[in-house]
Amino acid sequence: MANSSGSPSAYKNLPSVDELLRSQVGVDIANAAGHGHAADLARSVLGAVRDKISGVGATNPSKQLLFDEAVRGMAKAYTAAEADRLQKVINCTGVIIHTNLGRAPLSSLAKKKAFDHGSGYCTLEYDLDTGKRGKRAPRCERLLIELTGAEDALIVNNCAAAAFFVLSVFAAGCEVAISRGEMVEIGGDFRVPDVLTQSGASLLEVGTTNRTKLPDYAEAIEKGASVILRVHPSNYRIIGFTSVPALAELSELAHKHNVLLYEDIGSGALIDLAKYGVKDEPLIADSIAAGVDLVTFSGDKLLGGPQAGIIAGRGDLIDRLRSHPLYRALRVGKLVYSALESTLHSYRKGAPEELPVIAMLALGKQQIRERAEAFVSRFMSTYSGPLSFDLVDGNSAVGGGAAPGVSLETVLLSVSHTSRSAESLELSLRTADPPVIARIDDGRLLLDLRTVEPTDEEPLMKVLTAIS
Ligand SMILES: *Cc1c(COP(=O)(O)O)cnc(C)c1O
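Below, the structure is looked at part by part. All values reported here derive from a predicted model rather than from experimental measurement.

### Some words on the environment of L408
Along the chain, L408 falls in strand β15 (residues 407-417). Relative accessible area serves as the criterion here: at 6%, L408 is assigned to the buried category. What L408 contacts, discounting residues up to four positions off in sequence, is I96, Y276, L361, G394, N395, S396, A397, V398 and R450.

### Examining the sheet that holds strand β18 (residues 444-448)
One open sheet accounts for five strands, arranged β2-β14-β15-β18-β17; its pairing is mixed. Only two strands of the sheet have a single partner each, and these edge strands are β2 (95-97) and β17 (439-441). Recorded for the sheet is a direction-independent mean angle of 40 degrees between the axes of neighbouring strands. Of the pairings in the sheet, the one linking β17 to β18 comprises three bridges and is antiparallel in character. Bridged to R439 within β18 is L446. Sheet strands in contact with helix α18 (residues 422-430) are β14 (387-399), β15, β17 and β18, and its direction is about 40 degrees off that of β18.

### Here's the deal with the packing of helix α7 (residues 138-148) against helix α15 (residues 334-348)
Packing of α7 against α15 brings their axes to within 9 Å, and their N-to-C directions diverge by 30 degrees. The orientation of α7 relative to α15 falls into the category roughly parallel. Taken as a pair, α7 and α15 cross one another with a handedness that is left-handed. In this structure, α7 contributes R139, C140, L143, L144, E146 and L147 to the contact, and α15 contributes Y337, L340, E341, L344, H345, Y347 and R348.

### Digging into helix α10 (residues 214-222)
What α10 keeps buried is the set Y217, A220 and I221. One side of α10 holds all its buried residues, which, seen down the axis, span an arc of 100 degrees. Turned more than 90 degrees away from the buried face of α10 sit P215 and E222, all of them exposed. Structurally, α10 contributes buried residues whose contacts are with β6 (175-179), β9 (202-206), β10 (225-231) and α11 (247-256). Looking one or two places after α10, you find G224, whose phi comes out positive at around 120 degrees.

### Some details on the sheet that holds strand β12 (residues 294-298)
Two strands in a sheet stick together by hydrogen bonds in their backbones, pointing the same way (parallel) or opposite ways (antiparallel). Read across the open sheet, the seven strands follow the order β5-β13-β12-β11-β10-β6-β9; overall the sheet is mixed. In the strand order of this sheet, the two ends are held by β5 (152-156) and β9, each with one partner. Ignoring strand direction, the axes of neighbouring strands in this sheet form an average angle of 25 degrees. With five bridges connecting them, β10 and strand β11 (residues 260-266) associate as parallel partners. Each residue of the ladder has a partner; that of V227, found in β11, is L260. Packing of α7 onto the sheet brings it into contact with β5, β12 and β13 (309-313), and relative to β5 it is tilted by some 125 degrees. Together, β6, β9 and β10 form the strand contacts of α10, whose direction differs from that of β10 by roughly 145 degrees.

### Some details on the packing of α10 against α11
Two numbers describe how α10 lies on α11: the axes approach to 11 Å, and their chain directions differ by 20 degrees. The angle between the axes of α10 and α11 places the two elements in the roughly parallel class. In the crossing of α10 with α11, the sense of the turn from one axis to the other is right-handed. Residues L214, Y217, A218 and I221 of α10 form the contact with α11, whose own contacting residues are E249, L250 and L253.

### Focus on unusual backbone geometry
The step from D433 to P434 runs through a cis peptide bond, and the omega angle for that step is -5 degrees. Residue position: P434 is located in the loop between α18 and β16 (436-437). Even without being a glycine, R103 presents a positive backbone phi close to 50 degrees. Non-glycine residue A137 carries a positive phi angle of around 35 degrees. Tracing the chain through its elements places A137 in the loop between β4 (132-133) and α7. Of the residues examined, A137 reaches a relative accessible area of 9% and is grouped as buried.

### Re the pattern of salt bridges
Counted according to the given criterion, the structure contains 29 salt bridges. Through salt bridges with shared partners, one network takes in K135, E141, D152, D319 and R322.

### A closer look at the pairing of β12
Counted residue by residue, β12 has five buried out of five residues, so it is predominantly covered. Here β12 shows two buried faces, one formed by L294, T296 and S298 and the other by V295 and F297. As paired strands, β11 and β12 are joined by four bridges and run parallel to one another. Pairing of G266 across the sheet is with F297, part of β12. As for the winding sense of the linkage, the β-α-β connection from β11 through helix α12 (residues 284-289) to β12 is right-handed. With five bridges joining them, β12 and β13 adopt antiparallel strand pairing. When the bridges of β13 are listed, T296 appears paired with I311.

Rules behind the numbers
Residues numbered from 1 in each chain as written. Predicted model: local features only at pLDDT ≥ 70, side-chain atom pairs only at ≥ 80, totals over all residues. Heavy atoms only, no water. Helix = DSSP H or I, 4+ residues; strand = E, 2+ residues; numbered from the N terminus. Buried < 20%, exposed > 50% of the residue type's maximum accessible area, 1.4 Å probe, protein only. Contact = heavy atoms within 4.5 Å. Pairing = 2+ DSSP bridges. Axes fitted to C-alpha atoms, helices over the stretch in contact; angles between N-to-C directions. Parallel < 35°, antiparallel > 145°, perpendicular 65-115°, else oblique. Left-handed = near helix turned anticlockwise from the far one by under 90°. Arc of directions from axis to C-beta. Salt bridge = Lys/Arg side-chain N within 4 Å of Asp/Glu carboxyl O. Right-handed = clockwise from strand over helix to strand, strands pointing away.

Dropping the structure here:
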(Lines give C-alpha, C1' and ligand atoms only; values in the text may rest on other atoms or scores of the structure.)
Protein backbone atom coordinates (compact mmCIF):
# COMPACT_ATOMS: atom_id res chain seq x y z
CA MET A 1 0.00 0.00 0.00
CA ALA A 2 2.32 2.77 1.24
CA ASN A 3 5.00 1.11 -0.91
CA SER A 4 3.64 2.82 -3.98
CA SER A 5 5.38 6.09 -3.05
CA GLY A 6 8.89 4.60 -2.63
CA SER A 7 10.97 4.75 -5.76
CA PRO A 8 12.54 1.52 -7.04
CA SER A 9 16.06 2.97 -6.89
CA ALA A 10 15.63 3.75 -3.18
CA TYR A 11 15.09 0.05 -2.52
CA LYS A 12 18.19 -0.71 -4.58
CA ASN A 13 20.18 1.38 -2.12
CA LEU A 14 19.12 -0.81 0.82
CA PRO A 15 21.99 -2.81 2.31
CA SER A 16 21.76 -6.59 2.26
CA VAL A 17 21.54 -8.77 5.37
CA ASP A 18 25.11 -9.92 4.65
CA GLU A 19 26.41 -6.37 4.45
CA LEU A 20 24.84 -5.60 7.83
CA LEU A 21 26.34 -8.74 9.33
CA ARG A 22 29.79 -7.64 8.11
CA SER A 23 29.47 -4.25 9.85
CA GLN A 24 31.25 -3.90 13.22
CA VAL A 25 27.89 -3.87 15.01
CA GLY A 26 26.81 -7.00 13.12
CA VAL A 27 30.06 -8.80 13.98
CA ASP A 28 29.79 -7.79 17.67
CA ILE A 29 26.19 -8.98 17.94
CA ALA A 30 26.99 -12.27 16.21
CA ASN A 31 29.91 -12.85 18.61
CA ALA A 32 27.81 -12.10 21.67
CA ALA A 33 24.50 -13.67 20.73
CA GLY A 34 25.09 -15.95 17.78
CA HIS A 35 24.96 -15.56 14.00
CA GLY A 36 21.30 -16.61 13.79
CA HIS A 37 20.17 -13.92 16.22
CA ALA A 38 22.24 -11.23 14.44
CA ALA A 39 20.72 -12.24 11.08
CA ASP A 40 17.19 -12.10 12.55
CA LEU A 41 17.85 -8.61 13.88
CA ALA A 42 19.31 -7.51 10.51
CA ARG A 43 16.25 -8.77 8.63
CA SER A 44 13.78 -7.10 10.98
CA VAL A 45 15.67 -3.80 10.89
CA LEU A 46 15.80 -3.93 7.08
CA GLY A 47 12.05 -4.47 7.07
CA ALA A 48 11.60 -1.36 9.18
CA VAL A 49 13.92 0.74 6.98
CA ARG A 50 12.11 -0.48 3.85
CA ASP A 51 8.77 0.59 5.34
CA LYS A 52 10.24 3.98 6.14
CA ILE A 53 11.53 4.57 2.58
CA SER A 54 8.12 3.79 1.27
CA GLY A 55 6.90 6.95 2.98
CA VAL A 56 9.80 9.18 1.88
CA GLY A 57 8.26 10.14 -1.43
CA ALA A 58 10.56 11.76 -3.96
CA THR A 59 13.80 11.89 -1.96
CA ASN A 60 16.21 9.07 -2.64
CA PRO A 61 18.27 8.29 0.46
CA SER A 62 21.85 7.32 -0.38
CA LYS A 63 23.30 3.87 0.14
CA GLN A 64 25.51 5.15 2.98
CA LEU A 65 22.59 6.82 4.75
CA LEU A 66 20.49 3.67 4.65
CA PHE A 67 23.40 1.51 5.76
CA ASP A 68 24.13 3.78 8.73
CA GLU A 69 20.50 3.88 9.70
CA ALA A 70 20.15 0.10 9.54
CA VAL A 71 23.29 -0.44 11.62
CA ARG A 72 22.07 2.02 14.24
CA GLY A 73 18.71 0.27 14.24
CA MET A 74 20.41 -3.09 14.77
CA ALA A 75 22.41 -1.83 17.73
CA LYS A 76 19.29 -0.33 19.27
CA ALA A 77 17.19 -3.45 18.73
CA TYR A 78 19.94 -5.58 20.25
CA THR A 79 20.18 -3.39 23.37
CA ALA A 80 16.40 -3.38 23.77
CA ALA A 81 16.24 -7.15 23.48
CA GLU A 82 19.01 -7.52 26.06
CA ALA A 83 17.24 -5.38 28.68
CA ASP A 84 15.31 -8.34 30.08
CA ARG A 85 18.39 -10.34 30.97
CA LEU A 86 19.09 -10.85 34.64
CA GLN A 87 21.53 -8.10 35.52
CA LYS A 88 23.12 -6.55 38.52
CA VAL A 89 21.53 -3.32 39.78
CA ILE A 90 22.51 -0.79 42.43
CA ASN A 91 19.72 -0.55 45.01
CA CYS A 92 19.38 3.07 46.17
CA THR A 93 15.77 2.63 47.31
CA GLY A 94 16.61 2.10 50.98
CA VAL A 95 14.42 -1.01 51.03
CA ILE A 96 16.79 -3.65 52.41
CA ILE A 97 14.90 -6.82 51.50
CA HIS A 98 13.52 -5.68 48.15
CA THR A 99 11.62 -8.62 46.68
CA ASN A 100 11.68 -7.20 43.14
CA LEU A 101 15.42 -6.68 43.35
CA GLY A 102 16.22 -10.19 44.59
CA ARG A 103 15.75 -9.79 48.36
CA ALA A 104 18.89 -10.40 50.44
CA PRO A 105 22.25 -9.72 48.78
CA LEU A 106 24.69 -12.50 49.67
CA SER A 107 27.77 -11.88 51.78
CA SER A 108 31.07 -11.87 49.94
CA LEU A 109 31.90 -15.15 51.72
CA ALA A 110 28.65 -16.74 50.56
CA LYS A 111 29.25 -15.58 46.98
CA LYS A 112 32.74 -17.03 47.04
CA LYS A 113 31.54 -20.28 48.59
CA ALA A 114 28.79 -20.65 45.98
CA PHE A 115 31.27 -19.90 43.23
CA ASP A 116 34.14 -22.06 44.49
CA HIS A 117 32.30 -24.98 46.04
CA GLY A 118 28.76 -24.89 44.73
CA SER A 119 29.41 -24.54 41.03
CA GLY A 120 31.50 -27.57 40.12
CA TYR A 121 31.80 -31.13 41.37
CA CYS A 122 31.35 -31.13 45.13
CA THR A 123 30.36 -33.32 48.08
CA LEU A 124 26.64 -32.60 47.60
CA GLU A 125 25.65 -36.20 48.42
CA TYR A 126 29.02 -37.83 48.88
CA ASP A 127 30.68 -39.03 52.05
CA LEU A 128 34.45 -38.61 51.83
CA ASP A 129 35.00 -41.06 54.74
CA THR A 130 33.28 -44.01 53.15
CA GLY A 131 33.65 -43.07 49.50
CA LYS A 132 29.94 -43.72 49.12
CA ARG A 133 26.74 -41.82 48.73
CA GLY A 134 26.17 -39.63 51.79
CA LYS A 135 23.46 -37.45 53.27
CA ARG A 136 22.49 -34.47 51.16
CA ALA A 137 24.43 -31.39 52.33
CA PRO A 138 24.31 -32.29 56.04
CA ARG A 139 26.30 -29.26 57.19
CA CYS A 140 23.50 -26.75 56.47
CA GLU A 141 21.04 -28.82 58.46
CA ARG A 142 23.50 -29.20 61.32
CA LEU A 143 24.07 -25.45 61.49
CA LEU A 144 20.31 -24.84 61.50
CA ILE A 145 19.88 -27.31 64.35
CA GLU A 146 22.57 -25.48 66.33
CA LEU A 147 21.16 -22.04 65.64
CA THR A 148 17.50 -22.81 66.31
CA GLY A 149 17.64 -25.53 68.94
CA ALA A 150 15.42 -27.72 66.75
CA GLU A 151 15.93 -31.51 66.65
CA ASP A 152 16.28 -31.46 62.87
CA ALA A 153 15.92 -29.20 59.83
CA LEU A 154 15.30 -29.54 56.10
CA ILE A 155 15.78 -27.11 53.22
CA VAL A 156 13.45 -26.60 50.25
CA ASN A 157 13.04 -24.04 47.50
CA ASN A 158 11.32 -21.22 49.41
CA CYS A 159 9.03 -20.66 52.37
CA ALA A 160 5.90 -21.06 50.24
CA ALA A 161 7.16 -24.51 49.21
CA ALA A 162 7.98 -25.30 52.84
CA ALA A 163 4.45 -24.38 53.99
CA PHE A 164 2.85 -26.31 51.15
CA PHE A 165 5.05 -29.32 51.89
CA VAL A 166 4.30 -29.38 55.63
CA LEU A 167 0.56 -28.96 55.09
CA SER A 168 0.44 -31.55 52.28
CA VAL A 169 2.18 -34.16 54.37
CA PHE A 170 0.65 -33.50 57.78
CA ALA A 171 -2.68 -31.81 57.13
CA ALA A 172 -4.12 -33.30 53.92
CA GLY A 173 -7.61 -34.56 54.68
CA CYS A 174 -7.48 -32.93 58.12
CA GLU A 175 -9.11 -29.96 59.74
CA VAL A 176 -6.61 -27.17 60.36
CA ALA A 177 -7.41 -24.58 63.01
CA ILE A 178 -6.27 -21.06 62.18
CA SER A 179 -7.07 -17.71 63.75
CA ARG A 180 -9.18 -15.30 61.66
CA GLY A 181 -6.44 -12.74 62.36
CA GLU A 182 -3.88 -14.87 60.53
CA MET A 183 -5.71 -15.65 57.28
CA VAL A 184 -3.36 -13.32 55.47
CA GLU A 185 -1.94 -12.69 52.05
CA ILE A 186 1.84 -12.49 52.24
CA GLY A 187 2.21 -10.78 48.89
CA GLY A 188 1.69 -11.84 45.34
CA ASP A 189 0.24 -15.30 45.21
CA PHE A 190 0.76 -16.55 48.74
CA ARG A 191 -2.60 -16.54 50.49
CA VAL A 192 -2.78 -18.71 53.58
CA PRO A 193 -6.32 -20.05 52.93
CA ASP A 194 -5.40 -20.93 49.32
CA VAL A 195 -2.25 -22.79 50.33
CA LEU A 196 -4.29 -24.75 52.86
CA THR A 197 -6.90 -25.71 50.30
CA GLN A 198 -4.25 -26.58 47.72
CA SER A 199 -2.56 -28.95 50.14
CA GLY A 200 -5.82 -30.82 50.71
CA ALA A 201 -6.51 -29.52 54.20
CA SER A 202 -9.74 -27.97 55.31
CA LEU A 203 -9.91 -24.77 57.21
CA LEU A 204 -11.37 -24.33 60.65
CA GLU A 205 -11.45 -20.62 61.41
CA VAL A 206 -11.15 -19.65 65.05
CA GLY A 207 -11.51 -16.41 67.00
CA THR A 208 -11.93 -13.01 65.40
CA THR A 209 -9.76 -10.74 63.28
CA ASN A 210 -8.33 -8.87 66.26
CA ARG A 211 -8.70 -11.33 69.15
CA THR A 212 -8.27 -15.08 69.34
CA LYS A 213 -8.07 -16.85 72.70
CA LEU A 214 -6.98 -20.23 73.94
CA PRO A 215 -10.57 -21.52 74.43
CA ASP A 216 -11.23 -20.72 70.75
CA TYR A 217 -8.52 -23.22 69.80
CA ALA A 218 -9.78 -25.72 72.38
CA GLU A 219 -13.20 -25.53 70.78
CA ALA A 220 -11.69 -26.15 67.34
CA ILE A 221 -9.93 -29.23 68.68
CA GLU A 222 -13.23 -30.49 70.03
CA LYS A 223 -14.73 -29.97 66.59
CA GLY A 224 -12.03 -32.20 65.12
CA ALA A 225 -9.00 -30.04 64.25
CA SER A 226 -5.85 -32.16 64.24
CA VAL A 227 -3.43 -29.40 63.26
CA ILE A 228 -3.08 -25.86 64.61
CA LEU A 229 -1.51 -23.43 62.17
CA ARG A 230 0.00 -20.20 63.44
CA VAL A 231 1.00 -17.67 60.79
CA HIS A 232 3.19 -14.71 61.52
CA PRO A 233 1.35 -11.84 59.79
CA SER A 234 4.65 -10.62 58.38
CA ASN A 235 3.63 -7.70 56.32
CA TYR A 236 1.08 -5.92 58.50
CA ARG A 237 0.22 -5.40 62.12
CA ILE A 238 -3.10 -5.34 63.89
CA ILE A 239 -2.78 -2.76 66.61
CA GLY A 240 -5.11 -1.76 69.41
CA PHE A 241 -7.49 -4.21 71.09
CA THR A 242 -5.81 -7.47 70.16
CA SER A 243 -4.75 -10.76 71.63
CA VAL A 244 -3.43 -14.17 70.66
CA PRO A 245 -2.45 -16.91 73.08
CA ALA A 246 1.24 -17.29 73.84
CA LEU A 247 2.90 -20.03 71.82
CA ALA A 248 3.76 -21.99 74.97
CA GLU A 249 0.08 -22.09 76.00
CA LEU A 250 -0.94 -23.13 72.53
CA SER A 251 1.71 -25.81 72.50
CA GLU A 252 0.54 -27.19 75.84
CA LEU A 253 -3.05 -27.31 74.59
CA ALA A 254 -2.06 -28.92 71.28
CA HIS A 255 0.07 -31.60 72.86
CA LYS A 256 -2.48 -32.49 75.52
CA HIS A 257 -4.79 -33.41 72.65
CA ASN A 258 -2.20 -34.92 70.36
CA VAL A 259 -2.62 -32.09 67.87
CA LEU A 260 0.25 -30.85 65.69
CA LEU A 261 1.33 -27.23 66.16
CA TYR A 262 2.89 -25.72 63.04
CA GLU A 263 4.03 -22.12 62.75
CA ASP A 264 4.78 -20.33 59.48
CA ILE A 265 7.09 -17.53 60.55
CA GLY A 266 8.12 -16.34 57.09
CA SER A 267 10.81 -13.88 57.88
CA GLY A 268 11.97 -15.16 61.25
CA ALA A 269 15.21 -14.03 62.74
CA LEU A 270 18.02 -16.29 63.94
CA ILE A 271 19.31 -13.66 66.35
CA ASP A 272 17.62 -10.90 68.34
CA LEU A 273 17.51 -7.89 66.02
CA ALA A 274 16.26 -5.44 68.67
CA LYS A 275 19.64 -3.77 68.92
CA TYR A 276 19.31 -2.93 65.20
CA GLY A 277 15.91 -1.35 65.77
CA VAL A 278 13.85 -4.35 64.63
CA LYS A 279 11.89 -5.16 67.75
CA ASP A 280 8.96 -7.42 67.07
CA GLU A 281 10.36 -10.03 64.70
CA PRO A 282 9.93 -13.47 66.28
CA LEU A 283 13.02 -15.56 66.92
CA ILE A 284 12.97 -19.04 65.42
CA ALA A 285 14.66 -20.40 68.53
CA ASP A 286 11.88 -18.94 70.72
CA SER A 287 9.22 -20.80 68.74
CA ILE A 288 11.14 -24.04 69.01
CA ALA A 289 11.66 -23.49 72.74
CA ALA A 290 7.94 -22.80 73.18
CA GLY A 291 7.25 -26.28 71.87
CA VAL A 292 6.13 -25.68 68.30
CA ASP A 293 6.39 -28.98 66.38
CA LEU A 294 7.42 -27.45 63.06
CA VAL A 295 8.33 -23.94 61.90
CA THR A 296 8.96 -22.66 58.40
CA PHE A 297 10.85 -19.54 57.31
CA SER A 298 12.60 -17.98 54.31
CA GLY A 299 16.33 -18.03 53.65
CA ASP A 300 16.41 -14.69 51.84
CA LYS A 301 14.50 -12.39 54.15
CA LEU A 302 15.96 -11.29 57.50
CA LEU A 303 18.17 -14.37 57.58
CA GLY A 304 20.18 -12.73 54.78
CA GLY A 305 20.95 -15.74 52.60
CA PRO A 306 19.88 -17.24 49.26
CA GLN A 307 16.28 -18.02 48.30
CA ALA A 308 15.33 -21.09 50.32
CA GLY A 309 12.59 -22.37 52.58
CA ILE A 310 13.65 -23.83 55.90
CA ILE A 311 11.65 -26.33 57.92
CA ALA A 312 12.81 -26.90 61.47
CA GLY A 313 11.35 -28.88 64.36
CA ARG A 314 10.74 -32.37 65.65
CA GLY A 315 13.08 -35.06 64.38
CA ASP A 316 10.41 -37.68 63.65
CA LEU A 317 8.38 -35.19 61.59
CA ILE A 318 11.39 -33.91 59.62
CA ASP A 319 12.34 -37.53 58.93
CA ARG A 320 8.97 -38.12 57.37
CA LEU A 321 9.39 -35.05 55.18
CA ARG A 322 12.89 -36.07 54.16
CA SER A 323 11.74 -39.46 52.93
CA HIS A 324 8.58 -38.16 51.25
CA PRO A 325 8.48 -38.19 47.41
CA LEU A 326 7.52 -34.49 47.34
CA TYR A 327 10.88 -33.61 48.89
CA ARG A 328 12.57 -34.63 45.67
CA ALA A 329 10.46 -32.06 43.81
CA LEU A 330 11.07 -29.25 46.28
CA ARG A 331 14.69 -29.65 47.33
CA VAL A 332 17.44 -27.16 46.44
CA GLY A 333 20.70 -27.55 44.54
CA LYS A 334 24.37 -27.16 45.38
CA LEU A 335 24.51 -23.41 44.63
CA VAL A 336 21.88 -22.72 47.27
CA TYR A 337 23.34 -25.13 49.83
CA SER A 338 26.79 -23.61 49.54
CA ALA A 339 25.53 -20.00 49.86
CA LEU A 340 23.24 -20.93 52.76
CA GLU A 341 25.97 -22.86 54.55
CA SER A 342 28.26 -19.86 54.43
CA THR A 343 25.45 -17.51 55.54
CA LEU A 344 24.64 -19.72 58.53
CA HIS A 345 28.30 -19.96 59.36
CA SER A 346 28.44 -16.18 59.84
CA TYR A 347 25.84 -16.56 62.61
CA ARG A 348 27.61 -19.54 64.17
CA LYS A 349 30.85 -17.61 64.53
CA GLY A 350 29.00 -14.64 66.00
CA ALA A 351 29.66 -12.37 63.04
CA PRO A 352 26.18 -11.69 61.59
CA GLU A 353 27.31 -8.28 60.34
CA GLU A 354 29.25 -10.13 57.63
CA LEU A 355 25.80 -10.46 56.04
CA PRO A 356 24.76 -7.39 54.03
CA VAL A 357 21.17 -7.48 55.36
CA ILE A 358 22.37 -7.29 58.97
CA ALA A 359 25.11 -4.77 58.15
CA MET A 360 22.54 -2.53 56.43
CA LEU A 361 20.15 -2.81 59.40
CA ALA A 362 23.01 -2.00 61.74
CA LEU A 363 23.88 1.31 60.07
CA GLY A 364 22.85 4.21 62.27
CA LYS A 365 21.66 7.53 60.91
CA GLN A 366 24.92 9.26 61.84
CA GLN A 367 26.98 6.62 60.02
CA ILE A 368 24.86 7.03 56.91
CA ARG A 369 25.19 10.82 57.13
CA GLU A 370 28.98 10.48 57.27
CA ARG A 371 28.95 8.09 54.33
CA ALA A 372 26.72 10.44 52.33
CA GLU A 373 28.94 13.44 53.11
CA ALA A 374 32.07 11.54 52.14
CA PHE A 375 30.36 10.33 48.95
CA VAL A 376 29.38 13.86 47.89
CA SER A 377 32.75 15.39 48.68
CA ARG A 378 34.61 12.62 46.85
CA PHE A 379 32.27 12.97 43.87
CA MET A 380 32.39 16.75 43.74
CA SER A 381 36.20 16.88 43.99
CA THR A 382 36.48 15.95 40.31
CA TYR A 383 32.99 16.81 39.00
CA SER A 384 31.86 19.85 37.06
CA GLY A 385 28.61 18.64 35.50
CA PRO A 386 24.92 19.54 35.87
CA LEU A 387 24.20 17.56 39.06
CA SER A 388 24.15 18.82 42.62
CA PHE A 389 23.35 17.13 45.93
CA ASP A 390 21.58 17.95 49.19
CA LEU A 391 21.39 15.76 52.26
CA VAL A 392 17.87 15.30 53.64
CA ASP A 393 16.48 13.26 56.53
CA GLY A 394 14.31 10.30 55.65
CA ASN A 395 13.51 6.66 56.32
CA SER A 396 14.70 3.31 55.01
CA ALA A 397 12.55 0.18 55.21
CA VAL A 398 13.29 -3.42 56.13
CA GLY A 399 11.08 -4.69 53.29
CA GLY A 400 10.36 -8.25 52.25
CA GLY A 401 7.18 -8.24 54.29
CA ALA A 402 9.26 -8.11 57.45
CA ALA A 403 8.86 -5.70 60.34
CA PRO A 404 6.22 -3.46 58.71
CA GLY A 405 6.05 -1.25 61.80
CA VAL A 406 9.76 -0.49 61.75
CA SER A 407 11.20 2.48 59.94
CA LEU A 408 14.91 3.08 60.04
CA GLU A 409 16.07 6.67 60.13
CA THR A 410 18.42 7.55 57.33
CA VAL A 411 20.01 10.43 55.46
CA LEU A 412 19.17 10.65 51.77
CA LEU A 413 21.02 12.18 48.87
CA SER A 414 18.62 14.43 47.02
CA VAL A 415 19.92 14.81 43.46
CA SER A 416 19.09 17.86 41.33
CA HIS A 417 19.97 18.71 37.74
CA THR A 418 20.37 22.21 36.32
CA SER A 419 17.60 21.60 33.79
CA ARG A 420 16.12 18.09 34.00
CA SER A 421 13.22 16.80 36.10
CA ALA A 422 13.44 14.13 38.79
CA GLU A 423 11.45 11.78 36.51
CA SER A 424 13.88 12.16 33.65
CA LEU A 425 16.88 11.65 35.98
CA GLU A 426 15.25 8.54 37.44
CA LEU A 427 14.86 7.11 33.95
CA SER A 428 18.51 7.84 33.07
CA LEU A 429 19.67 6.10 36.23
CA ARG A 430 17.38 3.12 35.71
CA THR A 431 18.62 2.59 32.17
CA ALA A 432 22.31 3.10 32.98
CA ASP A 433 24.91 0.35 33.14
CA PRO A 434 24.62 -0.89 35.83
CA PRO A 435 21.04 0.27 36.39
CA VAL A 436 20.62 2.42 39.49
CA ILE A 437 17.23 2.11 41.17
CA ALA A 438 16.21 5.29 43.00
CA ARG A 439 12.98 6.73 44.32
CA ILE A 440 11.14 9.96 43.75
CA ASP A 441 9.40 11.64 46.64
CA ASP A 442 7.70 15.00 46.51
CA GLY A 443 9.32 15.79 43.15
CA ARG A 444 12.82 14.99 44.35
CA LEU A 445 15.10 12.19 43.22
CA LEU A 446 16.39 10.45 46.34
CA LEU A 447 19.26 8.01 46.83
CA ASP A 448 19.57 6.04 50.08
CA LEU A 449 23.14 4.80 50.61
CA ARG A 450 21.98 2.37 53.32
CA THR A 451 21.24 -0.26 50.66
CA VAL A 452 24.26 0.48 48.47
CA GLU A 453 27.02 -2.01 49.16
CA PRO A 454 30.30 -0.15 49.79
CA THR A 455 31.86 -1.78 46.71
CA ASP A 456 29.07 -0.27 44.59
CA GLU A 457 29.91 3.34 45.47
CA GLU A 458 32.47 3.63 42.67
CA PRO A 459 30.12 2.24 39.96
CA LEU A 460 27.39 4.55 41.30
CA MET A 461 29.71 7.55 40.91
CA LYS A 462 30.52 6.51 37.34
CA VAL A 463 26.83 6.35 36.45
CA LEU A 464 26.20 9.78 38.03
CA THR A 465 29.23 11.29 36.26
CA ALA A 466 27.91 10.13 32.89
CA ILE A 467 24.59 11.95 33.27
CA SER A 468 24.44 14.91 30.90
C1 LIG B 1 7.39 -14.40 53.01
C2 LIG B 1 6.51 -15.39 53.65
C3 LIG B 1 6.17 -16.56 52.99
C4 LIG B 1 6.67 -16.86 51.59
O5 LIG B 1 8.05 -17.02 51.62
P6 LIG B 1 8.88 -17.22 50.26
O7 LIG B 1 10.23 -17.56 50.74
O8 LIG B 1 8.76 -15.95 49.52
O9 LIG B 1 8.23 -18.34 49.54
C10 LIG B 1 5.36 -17.47 53.63
N11 LIG B 1 4.86 -17.21 54.85
C12 LIG B 1 5.16 -16.09 55.54
C13 LIG B 1 4.59 -15.88 56.91
C14 LIG B 1 6.02 -15.14 54.96
O15 LIG B 1 6.33 -14.03 55.62
